[in-house]
Amino acid sequence: MRLVILGPPGAGKGTQAERLSEKYGIPHISTGDLFRANISEGTSLGVEAKRYMDAGELVPSKVTVDMVRSRLAEPDATNGFILDGFPRATEQADALAEILAEHGQKLDAVVSFDVPEDTVVERMLARGRADDTEEVIRNRLHVYENQTAPLLAYYGDFVTHIDAAGTVDEVFGRVIAQLDK
Ligand SMILES: Nc1ncnc2c1ncn2[C@@H]1O[C@H](COP(=O)(O)OP(=O)(O)O)[C@@H](O)[C@H]1O
Ligand SMILES: [Mg+2]
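Rules behind the numbers
Residues numbered from 1 in each chain as written. Chains lettered and ligands numbered in written order. Predicted model: local features only at pLDDT ≥ 70, side-chain atom pairs only at ≥ 80, totals over all residues. Heavy atoms only, no water. Helix = DSSP H or I, 4+ residues; strand = E, 2+ residues; numbered from the N terminus. Near = heavy atom within 4 Å. Polar contact = N/O pair within 3.5 Å; in protein donor to acceptor, adjacent residues only side chain to side chain. Nonpolar A, V, L, I, M, F, W, Y, C, P; charged D, E, K, R; others polar. pLDDT = per-residue confidence, 0-100. UniProt positions renumbered as here; feature names shortened; annotations may be inferred. Buried < 20%, exposed > 50% of the residue type's maximum accessible area, 1.4 Å probe, protein only. Contact = heavy atoms within 4.5 Å.

### Details of unusual backbone geometry
In this model, Phe-86 is joined to Pro-87 through a cis peptide bond whose omega is -5 degrees. As for its placement among the helices and strands, Pro-87 is situated in the loop between strand S3 (81-84) and helix H5 (90-102).

Below is the structure:
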């Protein structure tokens, strides 16, 4: 299964992607996690990405797409993957379609986690990651509305909408009920 998870920051994409990865035996690929790993390892990609992440801005698509392209070329991703945090802009969605076409593949599903803004802000403040301060959160939500939300129209009827309010177990139940259809 080749799956993309969309939704605002704090919607619970990473949590659910982890569980889906276990259930379906396919890798959870999170661009945010890949950037954070690069930051801890002190790579030049990490140094570049950190500037944008600290401000709640998108890392430039060129470097992001290159990173995803090499990750998807790894053997564990040949039979499927769960993409979390990518694509985050329509040009990234175009790039993803191209990468998949190069492998003779296409997406099986795009799942959108729908959750009210108040809830995501609460969740992020509770999580307290480095980029989870109130000011950066505000900017990330703004960037989400402007650059990422248009992906819902981009994928149109292909999107499966999930109510992402509720407990982790409740949301997981809703996701697999849709995917197992
Ligand atoms: N596809 C992407 N394109 C550009 N920047 C990205 C992308 N994915 C992650 N980032 C950067 O990493 C930050 C954190 O992303 P992420 O961990 O996915 O946040 P969340 O889990 O709250 O949605 C983003 O605010 C952005 O700076
Ligand atoms: Mg996440």
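### Comments concerning the site of ligand 1
Around ligand 1, a shell composed of 20 residues is seen, among which Thr-31, Arg-36, Glu-57, Gly-85 and Arg-140 lie nearest. A distance of 2.8 Å is found between a nitrogen atom of ligand 1 and a backbone nitrogen or oxygen belonging to Gly-85. Between ligand 1 and the protein, one listed contact pairs an oxygen atom with a side-chain N or O atom of Arg-140 at 2.6 Å. Residue composition of the shell around ligand 1, grouped by class: six nonpolar, six polar and eight charged.

### A few points about the confidence of the model for the chain
In this model, the chain carries an average pLDDT of 96, and 100% of its residues clear a pLDDT of 70 or more. Prediction confidence for the complex, expressed as pTM and ipTM, is 0.95 and 0.91 respectively.

### What to know about the UniProt feature "binding site: ATP" (unreviewed entry) in the chain
In the numbering used here, UniProt assigns the feature "binding site: ATP" (unreviewed entry) to Gly-10, Ala-11, Gly-12, Lys-13, Gly-14, Thr-15, Arg-127 and Gly-166. The topology assignment puts Gly-12 in the loop between strand S1 (2-6) and helix H1 (13-24). Residue classification places Gly-12 among the partly exposed positions, given a relative accessible area of 22%. Once residues lying within four places of it in the same chain are set aside, the contact partners of Gly-12 are Phe-113 and Arg-123. Structurally, Arg-127 is set in helix H6 (residues 117-127). For Arg-127, a relative accessible area of 42% translates into the label partly exposed. Excluding its chain neighbours within four sequence positions, the residues that come into contact with Arg-127 are Gly-10, Asp-132 and Arg-140.

### Some remarks on the UniProt feature "binding site: AMP" (unreviewed entry) in the chain
The UniProt record marks Thr-31, Arg-36, Glu-57, Leu-58, Val-59, Gly-85, Phe-86, Pro-87, Arg-88, Gln-92, Arg-129 and Arg-140 with the feature "binding site: AMP" (unreviewed entry), using the residue numbering of this structure. A maximum C-alpha distance of 24.7 Å is found for the annotated residues, which run over 110 residues; spatially they are spread out rather than grouped. If you trace the backbone, Arg-88 turns up in the loop between S3 and H5. Classification of Arg-88 as partly exposed rests on a relative accessible area of 29%. Once residues within four sequence positions are removed from consideration, Arg-88 is found in contact with Thr-31, Leu-58, Gln-147, Thr-148 and Leu-151.

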